[in-house]
Amino acid sequence: MRAAMTARTLRSPHDLAEAGLVAPHRLAELEGVAARYAVAITPAMAELIPDNDAMARQFVPTTAELDHTPDERADPIGDHARSPVEGIVHRYPDRVLLKANHTCAVYCRFCFRREMVGPEGIRPLSPEQLDAAMAYIASDPAIWEVIVTGGDPLIMSVRRLRDLMARLGRIPHVKVVRFHTRLPAVDPERITPGLVAALRASGKTTWVALHANHADELTPAAEVACARILDAGIPMVSQTVLLKGINDDPVTLAALMRRFVELRIKPYYLHHADLAPGTSHFRTTLAEGQALMRDLRGDVSGLCQPTYVLDIPGGYGKSPVGPSYVAEGEVTDPQGVRHVYPPA
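Keep in mind that what you see is a predicted model, and the values were worked out from it rather than measured. (Residues numbered from 1 in each chain as written. Predicted model: local features only at pLDDT ≥ 70, side-chain atom pairs only at ≥ 80, totals over all residues. Heavy atoms only, no water.)

Asks: Explanation requested: the packing of aromatic side chains in the structure shown.
Replies: A ring pair, where both rings are aromatic, is described by two values, the distance of the centres and the angle of the planes. Following the criterion strictly, the structure yields two aromatic pairs and no others. With a centroid separation of 5.7 Å and 75° between ring planes, the pair formed by Phe110 and Phe282 is classed as edge-to-face. Residue Phe110 is located in the loop between strand S2 (95–99) and helix H5 (127–139), and its partner Phe282 is located in the loop between strand S7 (265–272) and helix H11 (286–299); the two are separated by 172 residues in the primary sequence. A relative accessible area of 8% places Phe110 in the buried class. Accessibility expressed as a relative area gives 2% for Phe282, which makes it buried. Considering the side-chain rings of Tyr268 and Tyr269, the 4.1 Å spacing of their centres and the 20° angle between planes classify their relative orientation as stacked. A relative accessible area of 26% means that Tyr268 is categorised as partly exposed. Directly above the aromatic system of Tyr92 lies the positively charged group of Arg95, at a separation of 4.0 Å from the ring centroid. Residue placement shows Arg114 over the ring face of Tyr37; its charged tip is 3.6 Å from the ring centre. (Phe/Tyr/Trp six-rings, centres within 6.5 Å; stacked < 30°, edge-to-face > 60°. Helix = DSSP H or I, 4+ residues; strand = E, 2+ residues; numbered from the N terminus. Buried < 20%, exposed > 50% of the residue type's maximum accessible area, 1.4 Å probe, protein only. Lys NZ or Arg CZ within 6 Å of the ring centre and 35° of its normal.)

Now the structure itself:
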């Protein structure tokens, strides 16, 4: 079934049925999913979904999301445990997360913050809460980098982004501001010159981390949006979640990493899927992820190599979980052959 062209974001099972993305007889069951977890699919992504299972699995709700396993948790990476004030997560000494808003242009079906984001999620920071967050950042001279996340911070207005950067610009010890976003891929027309300009502040280095999970998301329009950021002197890195049925095979993962590099985006993290509620159908095993990383290392340019990481539940931070190539007295080459080292 081909989807109808849509000029607006689809926000309900009824919208999805009208666009031809789900069968009408599924409406009743999907209303139960939408009542629990937010739904939003932009026109750019809706256009890709027909006949593309990788896109559909990322954005179209299914009743599998209502199947929760005992090891899943509402806050799978422990944001709350590391939050000294509302909107701040301080997990590492030299950097903090600043969660300025909790809404997104699209809602991924595997989102690790799915209990916090969306219209019924945590409200955006009030002016008083933002003041307190900024005061916390200003109070700790060890904070070198502020990672602006959410939600998706780039859906905020240009005025709010400009104000945010101006305030961070007045904190001398903050040298780097990094924005985590999906917007250049999922709603590329919103990456305007004005928005890009709002991401800059005198004396600060801005980075943008783009979250994309399949090469098909990086359309010609997304390429233009990314170029607008890059050509303004803002470097970009990638973030990808390893997802069963979407990118958990060597050919698909390699195509994505190569596409990032072709767009001048350095592959950064490949995340093992978190223990978010109702997402077990997306999770691979660590052994499967490590095997994929071995395949990537053997066949694909070094420019295309992300770091495979696991966010340890409870707020303990990310650890690299890629394969090891070193054992006592031996090193394994990219083809899997072991060699004595130092050579005899």
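Next comes the rest of the account.
Asks: Help me out: how do you make sense of the nonpolar core in this one?
Replies: The nonpolar side chains of soluble globular proteins are, as a tendency, buried together. Ile41, Phe59, Ile137, Val146, Leu164, Leu168 and Phe179 are the most contacted members of the largest nonpolar core, which totals 84 residues. Among the elements that make up this core, the one with the highest residue count is helix H10 (residues 250–262) (five residues). The residues touching Ile137, leaving out its near neighbours within four places in the chain, are Ile88, Val96, Ile143, Val146, Leu168, Ile171, His173 and Val174. Within the second largest apolar cluster, six residues are counted, among which are Ala38, Tyr107, Cys111 and Val117. (Core = buried A, V, L, I, M, F, W, Y, C linked by side-chain atoms within 4.5 Å. Contact = heavy atoms within 4.5 Å.)

Asks: Would you explain the packing of H5 against helix H6 (residues 158–169) in this entry?
Replies: For any two helices packed against each other, one specifies the inter-axial angle together with the distance between the axes. One way to put it is that H5 packs onto H6 with a least axis distance of 10 Å and a crossing angle of 30°. In terms of orientation, H5 and H6 fall into the roughly parallel class. Handedness of the H5/H6 crossing: right-handed. In this structure, H5 uses Leu130, Asp131, Met134 and Ile137 to contact H6, whose residues at the interface are Leu164, Arg167 and Leu168. (Axes fitted to C-alpha atoms, helices over the stretch in contact; angles between N-to-C directions. Parallel < 35°, antiparallel > 145°, perpendicular 65-115°, else oblique. Left-handed = near helix turned anticlockwise from the far one by under 90°.)

Asks: How should the environment of Lys204 be read in this particular structure?
Replies: The topology assignment puts Lys204 in the loop between helix H8 (193–198) and strand S5 (205–211). The exposure class of Lys204 is buried, given its relative accessible area of 9%. Each C-alpha atom, one on Lys204 and one on Ile171, is 9.8 Å from the other, the two residues being 33 residues apart in sequence. Contacts of Lys204, omitting those with residues within four sequence positions, involve Leu168, Gly169, Ile171, Pro172, Val174 and Lys175. Within the structure, Lys204 has its side chain in polar contact with the backbone oxygen of Ile171 (distance 2.7 Å). (Polar contact = N/O pair within 3.5 Å; in protein donor to acceptor, adjacent residues only side chain to side chain.)

Asks: Help me understand the pairing of strand S9 (residues 317–320), please; the structure alone is not making it clear to me.
Replies: The side chains of a regular strand alternate, residue by residue, between the two faces of the sheet. Pairing of strand S8 (residues 307–312) with S9, which is carried by four bridges, proceeds in the antiparallel orientation. Of the residues in S9, the one forming a bridge with Leu310 is Ser319. (Pairing = 2+ DSSP bridges.)

Asks: Is there a simple way to explain H5 in this structure?
Replies: Each α-helix turn comprises 3.6 residues. Residues three or four places apart therefore point the same way. Under the 1.5 Å per step criterion, the end-to-end length of H5 is 18 Å for 13 residues, consistent within 8% with the ideal 18 Å. Buried within H5 are the following residues: Leu130, Ala133, Met134 and Ile137. Along the long axis of H5, the arc covered by the buried residues comes to 95°, so they all point the same way. Facing away from the buried side of H5, by more than 90 degrees, are the exposed residues Glu128 and Ser139. Packing partners of the buried residues in H5 comprise strand S1 (88–92), S2, strand S3 (145–149) and H6. (Expected span 1.5 Å × (residues − 1). Arc of directions from axis to C-beta.)

Asks: I'm lost on the sheet that holds strand S12 (residues 338–340) in this one. Help?
Replies: Adjacent strands of a sheet pair through backbone hydrogen bonds, lying either parallel or antiparallel. Reading across the sheet, the three strands line up as S10-S11-S12 and stay open at both edges, with antiparallel pairing between neighbours. Looking at the sheet topology across the chains shown, the edges are occupied by strand S10 (326–327) and S12. As judged from the three bridges shared by strand S11 (residues 330–332) and S12, these two strands associate in the antiparallel manner. What sits directly across from Thr332, in S12, is Arg338.

Asks: I keep staring at the sheet that holds strand S4 (residues 176–181) and nothing clicks. Help me out?
Replies: Taken together, the nine strands give an open sheet; going across it, the order is S1-S2-S3-S4-S5-S6-S7-S8-S9, and neighbouring strands pair in mixed fashion. Each edge of the open sheet carries a strand with a single partner, namely S1 and S9. Averaged over neighbouring strand pairs, the angle between their axes works out to 30° when direction is ignored. Lying over the sheet, H10 contacts S5, strand S6 (236–242) and S7, oriented at roughly 145° with respect to S7.

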